Amino acid sequence: MRRFSGRNRSALIIGLQGIRARKLRTLLSMVSLFLGILAVVAVQAGASIAERALLADIELTAGFDGTRVADLYGGPPESVDIVVDTVTGRADAVALVQVQATIGEAGVSPIQMGPSGSYEDAKTEGPADYCNTMTEAAPVCPPIGKAISVQLNAVTGDVRTFRPYRHVSGEWLTFGTVPAMAPRIVLNKEAAVAFGLYQVPAAMRIDGAVATNSITPQFIGVVDDGQGWPQAYVRMDELTAWTTTANAGMQVLLAGQTPVEQVLTSKLRAKNVPFDPYEVQSREDFKEQISLMRLLFLGLSGFVLLIGVAGVLNVGLATVGERVEEFALRRAVGTPRALLAGIVLAETLLTGLLTAAAAIGFAAGALKVAVLVMGDGDPFLAGLEFPWQAAVAGIVAGLIAGVLGGFVPAIRAARIPIATVMRA
Amino acid sequence: MTALIELNGITKTLKGQEQRRTILHGVDLRVEAGESLAIVGRSGSGKSTLLSILGLFDRPDQGSYLLDGQEIGKLAERRAAKLRSSHFGFVFQRFFLLKHLSAAQNVAMALVNGQGWLPRRERRRRVLAALDQVGIAHLAKNRPAKMSGGEQQRVAIARALVREPRILLADEPTGALDTETGTSVIETLLGATTRGCALVLVTHDRDHAARMGRIHDLTDGVLTQRVRA
Ligand SMILES: Nc1ncnc2c1ncn2[C@@H]1O[C@H](COP(=O)(O)OP(=O)(O)O)[C@@H](O)[C@H]1O
Ligand SMILES: [Mg+2]
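Here is what the cut-offs are and how they apply
Residues numbered from 1 in each chain as written. Chains lettered and ligands numbered in written order. Predicted model: local features only at pLDDT ≥ 70, side-chain atom pairs only at ≥ 80, totals over all residues. Heavy atoms only, no water. Helix = DSSP H or I, 4+ residues; strand = E, 2+ residues; numbered from the N terminus. Contact = heavy atoms within 4.5 Å. pLDDT = per-residue confidence, 0-100. Buried < 20%, exposed > 50% of the residue type's maximum accessible area, 1.4 Å probe, protein only. Domains from an automatic or database assignment. Buried area = accessible area lost by both parts, 1.4 Å probe. Salt bridge = Lys/Arg side-chain N within 4 Å of Asp/Glu carboxyl O. Polar contact = N/O pair within 3.5 Å; in protein donor to acceptor, adjacent residues only side chain to side chain. Pairing = 2+ DSSP bridges. Axes fitted to C-alpha atoms, helices over the stretch in contact; angles between N-to-C directions.

Further remarks concern the environment of A:Glu326. Position of A:Glu326 among the secondary structure elements: in helix 8 (residues 324-332). Between the alpha carbons of A:Glu326 and A:Val421 there is a distance of 9.7 Å; along the sequence they are 95 residues apart. Non-local contacts of A:Glu326, meaning those with residues more than four positions away in its chain, are made with A:Arg22, B:Leu98 and B:His100.

Here it is, written out as structure tokens:
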């Protein structure tokens, strides 16, 4: 009984034999191809990492895609109550009431933020500033005993269901427990920087609040919410001194499909307050931009890849020229032309794949080293992994290079005339 | 009775550097299974051209080529490749061994056809049998560079025999060997005819030609059988 295994397999095996017999040539092909594939891998890795980083920030500030967001400003005071009453205790809807608050010493005005819009380069009057102007090299003397102005977000539930704030330190608000007497406050990174720099004693005033006495909050944690301005998060029911204010802003976050939206719409319409949520679609909008950029860079690296392909082609043609007798002989013993072409293609494809493996390994290793060297303290960098998309791009580039570089030599090999070569 | 091979009025014109030259002018030939014949003639008389038509490397311009009574003179390349692997074995003046492969691997090479490879064990059995048939089974693992000319030509013969062909075509197989080695190579080739394989030998050596069942002269593009004295 004759049972033959597949033709592709024999092309691969003979191709491997050819590679083993001509290691130096294979190496030369790989060298010429390496930079091209590495460029493709690097571009794809960069695009994937950038996409992940930027998208993550957008998700923090806007919300997961599909989240529905409604902003309510300047409605009648009872609209806040309506919303709060409706969404409290629900997992599929959260309301944020946003007010300005001053945290710090009583009776002082808050430190002004610096020109970059950050507390880090804040200028203060008085002796502190004097210390700063003595010499350029002198460190900025932190002012002591002032207050800091933050945007206070009073939340009815866990906003992190909709916006994945990253943990920095301490803990996040807990819901569903008995409200604490002293409101627990979670700061964002920007606010934490301000408190860290200025060491303000903690008492809190809320602008425009009816109750004029200060509240003493307890800071329980810091999160990264993607905002460049100081923010503080607090459970709405822990703000006992809170009474509705006319100039409070309010934002409602809703899950994609929730009956709450219908309920709120009708309740608010009854009070003549317009309520029309929009859907967060940042990922899609954003992906379009990024894919355009990636296309541009892939085009550039494709050019580098083409130069590598020319190298493979050159080596491939030279090899076929050297192997005229071998191919004529293979044809003489009955190897079909298609299989001969397959053998040559298999060799360049394997070369392309080997090069891709080398380039992917190199890129992944380089990323690991970069993370080790620079990733200290930056949670995003520290958690950075080699994106699988880059590996896929590298393999595809290797295969394309193998086909492009092997195509012409394969046709040459298949066309070698037996009679002329074998004539004695 | 149909012959194994029957050529009728084969002509072949090759394009030289300046003009076209008709190499074969109506060649007729019958070959039966198991017989041996020699083709002799001056250098450049067209012996290799005839052999390349017999072996389906090249196609005749005119005339008919019957194999087992079937016309194969105008066969498509794919079917011709199949026939080359199933019916023909080739031995050349140069050995055409692949230097990066061992003797056994060089022989196994002829077992690759359009369908791929035989299973490993079957492949091994056939390769060793072929090497044994030409008397060099002990050299199976050696590379060509480590072998003498006679041994290399034996590997080439084993490669030609491994598929158990029905026709063995040999184009001056002893041209690169000394007399003694050449004679033993001819013995080996003749050995294959005892198994029913036909042998067509192109040679310049009278003694070798005389060992064949009959001798044909190729002169001016026409083949004539030599009458034995
Ligand atoms: N590829 C070719 N193109 C044109 N002419 C050729 C080619 N190969 C051989 N010839 C010519 O054909 C003639 C016969 O060649 P060949 O069959 O090799 O002769 P032999 O094998 O008898 O020495 C020679 O004159 C040779 O120069
Ligand atoms: Mg010749």
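Time to look at the confidence of the model for chain A. The predicted coordinates ought not to be read in detail in places where the model reports low pLDDT. For chain A, per-residue confidence averages 80 on the pLDDT scale, and residues scoring 70 or more make up 81% of the total. Across chain A, element-level confidence peaks in helix 11 (residues 388-414) of chain A with a mean pLDDT of 93 and bottoms out in helix 4 (residues 127-133) of chain A with 44.

Our next topic: the side chain of A:Glu347. Residue and element names in this part refer to chain A. In this fold, Glu347 is placed in helix 9 (residues 337-374). You can call Glu347 buried: its relative accessible area is 11%. Apart from residues no more than four positions distant in its own chain, Glu347 is found in contact with Ile14, Gly15, Gly18, Ile19, Arg22 and Arg323.

This paragraph deals with the domain arrangement of chain A. Residues and elements named next belong to chain A. Partitioning chain A into structural domains gives domain 1 (2-61 + 285-423) and domain 2 (68-279). If you look at the interface, domain 1 gives five residues, while domain 2 gives nine residues. Summing both sides of the interface, domain 1 and domain 2 together bury roughly 600 Å²; the carbon and sulfur share of this comes to 54%. Counting the surface domain 1 buries against domain 2, the share from its top three residues, Glu59, Leu60 and Thr61, is 81%. At the boundary of domain 1 and domain 2, one finds zero salt bridges. Inspection of the domain 1/domain 2 interface yields one residue pair in polar contact (both at pLDDT 80 or more).

What follows is about the sheet that holds strand 6 (residues 88-91) of chain B. Residue and element names in this part refer to chain B. The mixed open sheet is built from six strands, whose spatial order is 6-7-8-3-9-10. Only two strands of the sheet have a single partner each, and these edge strands are strand 6 and strand 10 (222-225). Ignoring which end each strand starts from, the neighbouring axes of this sheet average 20° apart. Pairing of strand 6 with strand 7 (residues 167-171), which is carried by four bridges, proceeds in the parallel orientation. Note that in strand 7 the partner of Phe88 across the bridge is Ile167. With respect to the sheet, helix 6 (residues 179-193) is in contact with strand 3 (36-40), strand 6, strand 7 and strand 8 (198-202), its orientation differing from that of strand 8 by roughly 150°.

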